[in-house]
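Chain by chain, the residues run as shown.
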Amino acid sequence: MTADKDVTAVSFKKEKLELPKGKKTSLLILSGPEMGKKQELTANPSVLGRDKMAEFVIANTTVSRRHALIRYHNGKYILKDLNSANGTFFGGSRIDEIVIDHGDRFQLGNCLVQLVLEDKREETQANKYREADHG
(Lines give C-alpha, C1' and ligand atoms only; values in the text may rest on other atoms or scores of the structure.)
Protein backbone atom coordinates (compact mmCIF):
# COMPACT_ATOMS: atom_id res chain seq x y z
CA MET A 1 0.00 0.00 0.00
CA THR A 2 1.38 3.43 -0.91
CA ALA A 3 1.51 6.48 1.36
CA ASP A 4 -1.25 8.19 -0.65
CA LYS A 5 -3.67 5.29 -0.23
CA ASP A 6 -6.90 5.29 -2.18
CA VAL A 7 -9.87 6.68 -0.21
CA THR A 8 -12.09 3.99 -1.72
CA ALA A 9 -10.70 1.60 0.91
CA VAL A 10 -13.16 3.04 3.44
CA SER A 11 -13.48 1.13 6.68
CA PHE A 12 -16.99 0.31 7.85
CA LYS A 13 -15.86 0.26 11.48
CA LYS A 14 -18.05 2.58 13.53
CA GLU A 15 -16.25 5.26 15.47
CA LYS A 16 -17.11 8.55 17.09
CA LEU A 17 -17.71 11.14 14.40
CA GLU A 18 -14.70 13.43 14.58
CA LEU A 19 -15.68 16.89 13.41
CA PRO A 20 -14.29 20.36 13.70
CA LYS A 21 -14.90 21.54 17.26
CA GLY A 22 -18.32 23.13 17.73
CA LYS A 23 -19.76 21.87 14.43
CA LYS A 24 -22.80 19.71 13.76
CA THR A 25 -23.16 17.61 10.57
CA SER A 26 -26.69 17.05 9.25
CA LEU A 27 -28.44 15.91 6.10
CA LEU A 28 -31.55 17.62 4.75
CA ILE A 29 -33.87 16.05 2.16
CA LEU A 30 -34.77 18.73 -0.41
CA SER A 31 -37.08 16.69 -2.66
CA GLY A 32 -38.97 13.43 -2.63
CA PRO A 33 -41.58 11.97 -0.27
CA GLU A 34 -39.62 12.93 2.87
CA MET A 35 -38.87 16.50 1.79
CA GLY A 36 -37.87 18.61 4.80
CA LYS A 37 -36.50 15.74 6.89
CA LYS A 38 -33.32 16.85 8.62
CA GLN A 39 -31.18 14.66 10.82
CA GLU A 40 -27.80 15.01 12.50
CA LEU A 41 -25.18 12.40 11.63
CA THR A 42 -23.50 10.91 14.68
CA ALA A 43 -21.68 7.82 13.32
CA ASN A 44 -18.62 7.74 11.12
CA PRO A 45 -19.14 6.46 8.50
CA SER A 46 -22.90 7.03 8.24
CA VAL A 47 -24.86 4.77 5.88
CA LEU A 48 -27.71 6.40 3.93
CA GLY A 49 -30.51 4.19 2.65
CA ARG A 50 -33.85 2.48 3.04
CA ASP A 51 -32.60 -0.09 5.59
CA LYS A 52 -33.96 0.61 9.08
CA MET A 53 -30.42 0.02 10.39
CA ALA A 54 -28.96 2.85 8.28
CA GLU A 55 -27.83 5.94 10.17
CA PHE A 56 -29.89 8.12 7.81
CA VAL A 57 -33.06 6.27 6.74
CA ILE A 58 -34.78 7.40 3.53
CA ALA A 59 -38.14 5.68 3.09
CA ASN A 60 -38.25 5.78 -0.71
CA THR A 61 -38.36 2.84 -3.13
CA THR A 62 -35.86 4.53 -5.50
CA VAL A 63 -33.26 4.43 -2.72
CA SER A 64 -31.37 1.18 -2.10
CA ARG A 65 -31.31 -0.36 1.37
CA ARG A 66 -27.64 0.59 1.73
CA HIS A 67 -27.40 3.27 -0.95
CA ALA A 68 -24.41 5.43 0.01
CA LEU A 69 -22.27 6.49 2.92
CA ILE A 70 -20.69 9.66 4.20
CA ARG A 71 -17.39 9.48 6.01
CA TYR A 72 -15.42 12.30 7.59
CA HIS A 73 -11.71 11.63 7.10
CA ASN A 74 -8.67 13.94 7.26
CA GLY A 75 -10.85 17.06 7.41
CA LYS A 76 -13.01 16.09 4.41
CA TYR A 77 -16.47 14.64 3.91
CA ILE A 78 -16.46 11.76 1.45
CA LEU A 79 -19.70 10.63 -0.23
CA LYS A 80 -19.45 7.08 -1.58
CA ASP A 81 -22.02 5.09 -3.55
CA LEU A 82 -22.49 1.54 -2.21
CA ASN A 83 -23.27 -0.08 -5.59
CA SER A 84 -26.84 1.21 -5.42
CA ALA A 85 -29.35 0.23 -8.09
CA ASN A 86 -30.30 3.80 -9.08
CA GLY A 87 -26.96 5.47 -8.40
CA THR A 88 -25.64 8.43 -6.49
CA PHE A 89 -25.40 11.66 -8.48
CA PHE A 90 -23.51 14.90 -7.91
CA GLY A 91 -23.79 17.81 -10.33
CA GLY A 92 -25.84 15.65 -12.69
CA SER A 93 -23.15 12.96 -13.00
CA ARG A 94 -23.22 9.50 -11.49
CA ILE A 95 -20.39 9.16 -8.97
CA ASP A 96 -18.62 6.36 -7.18
CA GLU A 97 -16.96 8.62 -4.64
CA ILE A 98 -16.52 12.37 -4.24
CA VAL A 99 -15.48 14.93 -1.63
CA ILE A 100 -18.42 17.13 -0.57
CA ASP A 101 -18.74 20.22 1.63
CA HIS A 102 -21.35 22.38 3.35
CA GLY A 103 -24.30 23.17 1.10
CA ASP A 104 -23.45 20.55 -1.50
CA ARG A 105 -26.44 18.70 -2.94
CA PHE A 106 -26.47 15.12 -4.18
CA GLN A 107 -29.12 12.74 -5.43
CA LEU A 108 -29.94 9.27 -4.12
CA GLY A 109 -32.60 7.65 -6.32
CA ASN A 110 -35.09 10.49 -6.84
CA CYS A 111 -34.27 12.22 -3.51
CA LEU A 112 -32.18 15.37 -3.48
CA VAL A 113 -30.13 15.61 -0.26
CA GLN A 114 -27.99 18.45 1.09
CA LEU A 115 -25.04 18.35 3.50
CA VAL A 116 -25.49 20.96 6.22
CA LEU A 117 -22.71 21.99 8.61
CA GLU A 118 -23.85 24.16 11.49
CA ASP A 119 -22.10 25.97 14.29
CA LYS A 120 -23.36 24.46 17.56
CA ARG A 121 -22.69 27.72 19.41
CA GLU A 122 -25.07 29.65 17.12
CA GLU A 123 -27.73 26.98 17.64
CA THR A 124 -27.33 27.20 21.44
CA GLN A 125 -27.61 30.99 21.33
CA ALA A 126 -30.74 30.78 19.13
CA ASN A 127 -32.35 28.34 21.58
CA LYS A 128 -31.57 30.66 24.52
CA TYR A 129 -33.10 33.57 22.58
CA ARG A 130 -36.29 31.57 21.86
CA GLU A 131 -36.57 30.52 25.51
CA ALA A 132 -36.14 34.13 26.70
CA ASP A 133 -38.64 35.37 24.10
CA HIS A 134 -41.29 32.79 25.04
CA GLY A 135 -40.47 32.39 28.72
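Reading the values: the criteria
- Residues numbered from 1 in each chain as written.
- Predicted model: local features only at pLDDT ≥ 70, side-chain atom pairs only at ≥ 80, totals over all residues.
- Heavy atoms only, no water.
- Phe/Tyr/Trp six-rings, centres within 6.5 Å; stacked < 30°, edge-to-face > 60°.
- Buried < 20%, exposed > 50% of the residue type's maximum accessible area, 1.4 Å probe, protein only.
- Pairing = 2+ DSSP bridges.
- Helix = DSSP H or I, 4+ residues; strand = E, 2+ residues; numbered from the N terminus.
- Axes fitted to C-alpha atoms, helices over the stretch in contact; angles between N-to-C directions.
- Core = buried A, V, L, I, M, F, W, Y, C linked by side-chain atoms within 4.5 Å.
- Contact = heavy atoms within 4.5 Å.

Caption draft 1: Just the packing of aromatic side chains, in detail. Applying the stated criterion to the full structure yields one aromatic pair. When the ring of Tyr72 is compared with that of Tyr77, the centres are 4.7 Å apart and the planes differ by 55 degrees; the resulting orientation is tilted. When sorted by exposure, Tyr72 lands in the same class as Tyr77, which is buried.

Caption draft 2: Up close: the sheet that holds strand β9 (residues 88–90). Read from one edge to the other, the open sheet built from six strands follows the order β3-β2-β13-β12-β9-β10, with strand pairing classed as antiparallel. Both edges of this open sheet fall to β3 (38–40) and β10 (93–95), since each of them pairs with a single strand only. Pairwise comparison of adjacent strand axes, ignoring direction, gives a mean angle of 35 degrees for this sheet. By the bridge criterion, three bridges tie strand β2 (residues 23–29) to β3 in an arrangement that is antiparallel. Its bridge partner being in β3, Leu28 is matched across the sheet by Lys38.

Caption draft 3: Quick look at the nonpolar core. Grouped together as the largest cluster of nonpolar side chains are 19 residues, with contacts concentrated most on Leu27, Ile58, Ile70, Phe106 and Leu108. Leaving out residues up to four positions away in the same chain, Leu108 has contacts with Leu48, Ile58, Thr62, Val63, His67, Ala68, Gly87, Thr88 and Val113.

Caption draft 4: Region of the structure containing the pairing of strand β8 (residues 76–81). With five of six residues buried, β8 is to be regarded as a mostly interior element. Bridge count between strand β7 (residues 68–73) and β8: six bridges; the pairing is antiparallel. Looking at the pairing, Tyr72 lines up with Tyr77 of β8. Between β7 and β8, which pair antiparallel one after the other, the connecting turn spans two residues, and Asn74 there sits at a positive phi close to 50 degrees. Alignment of β8 against strand β11 (residues 97–100), held across four bridges, turns out to be antiparallel. Its bridge partner being in β11, Lys80 is matched across the sheet by Glu97.

Caption draft 5: Up close: the pairing of β2. With respect to burial, β2 is a largely interior element, six of its seven residues being buried. Across seven bridges, the pairing between β2 and strand β13 (residues 111–119) is antiparallel. The residue bridging Ile29 from the neighbouring strand is Val113, located in β13.

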